[in-house]
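Each chain, letter by letter, is given below.
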Amino acid sequence: MRTKWNGDSLKVFNHVNLTLHNKQQFRVAQQAEALQLTGLSHLMDNLGEVKLAELLHGTISVRLGASGYETCINGESAFINVSEIQDRLIFKDGNATNSKFVDVYTTFDHRTVDGAEGAAFLVSVKKSIENPMELL
């Protein structure tokens, strides 16, 4: 997802530019597809203020600790909200057990992302969350 809606036209970037944020703290990762997990972790440890010009180049936004859906406000192709880890009671084989869950909400700008492409992207996000060791 290297695209962004730019008023009345589609802008295509050479790389994925990821905007990470948690409440009012931000970090923009240019060429995010080249970052390994440790690089993304370093970005999250260093959230802070960014310039508006940096935000205008984001193609995907990820908000951590959020709940619910949000819209693509700066023309991003996708907006992903990831909740905090939560304990939930589940029933498995007739027994109640506590399990950890993370809610992931996505919004895609269908002017820039086809529905099938968005669904495939979400499946890959789900697999990464369920099997984080595969990211190493």
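Higher on the page you've got the structure.
Residues numbered from 1 in each chain as written. Predicted model: local features only at pLDDT ≥ 70, side-chain atom pairs only at ≥ 80, totals over all residues. Heavy atoms only, no water.

A.B. asks: Just checking my understanding: could you explain the pairing of strand β6 (residues 78-82) for this structure?
C.D. replies: The element β6 is extensively covered by neighbouring structure, given that five of its five residues are classed as buried. By the alternation rule, side chains of β6 split into Ala78, Ile80 and Val82 and Phe79 and Asn81, which are all buried. Alignment of strand β5 (residues 60-64) against β6, held across five bridges, turns out to be parallel. In the sheet register, valine 62 faces β6, and the bridge partner there is isoleucine 80. The pairing of β6 with strand β9 (residues 104-108) spans five bridges and is classified as antiparallel. Looking across to β9, one finds that isoleucine 80 is bridged to threonine 106. (Buried < 20%, exposed > 50% of the residue type's maximum accessible area, 1.4 Å probe, protein only. Helix = DSSP H or I, 4+ residues; strand = E, 2+ residues; numbered from the N terminus. Pairing = 2+ DSSP bridges.)

A.B. asks: So what exactly am I meant to see when it comes to the pattern of salt bridges here?
C.D. replies: Side-chain pairs of opposite charge can arise where the charged atoms are in close proximity. In total, this model carries four salt bridges according to the counting rule given. Close ionic contact of arginine 88 with aspartate 103 constitutes a salt bridge, the shortest N to O distance being 2.7 Å. Pair noted here: arginine 88 is in strand β7 (residues 86-92) and aspartate 103 is in the loop between β8 (95-101) and β9, with a separation of 15 residues, a long-range link. On the accessibility criterion, arginine 88 (28% relative accessible area) is partly exposed. Here arginine 111 makes a salt bridge to aspartate 109, at a shortest N to O gap of 2.7 Å. (Salt bridge = Lys/Arg side-chain N within 4 Å of Asp/Glu carboxyl O.)

A.B. asks: Would you mind showing me how to read the packing of aromatic side chains here?
C.D. replies: For any pair of aromatic rings, the description rests on two quantities: the centre-to-centre distance and the angle between the ring planes. Counted by the stated rule, this structure contains one aromatic pair. Both rings, one in phenylalanine 108 and one in phenylalanine 121, keep their centres 6.3 Å apart while their planes meet at 90°; by these two values the pair is edge-to-face. You can see phenylalanine 108 sitting in strand β9 and its partner phenylalanine 121 sitting in helix α3 (residues 115-130), a full 13 residues away along the chain. (Phe/Tyr/Trp six-rings, centres within 6.5 Å; stacked < 30°, edge-to-face > 60°.)

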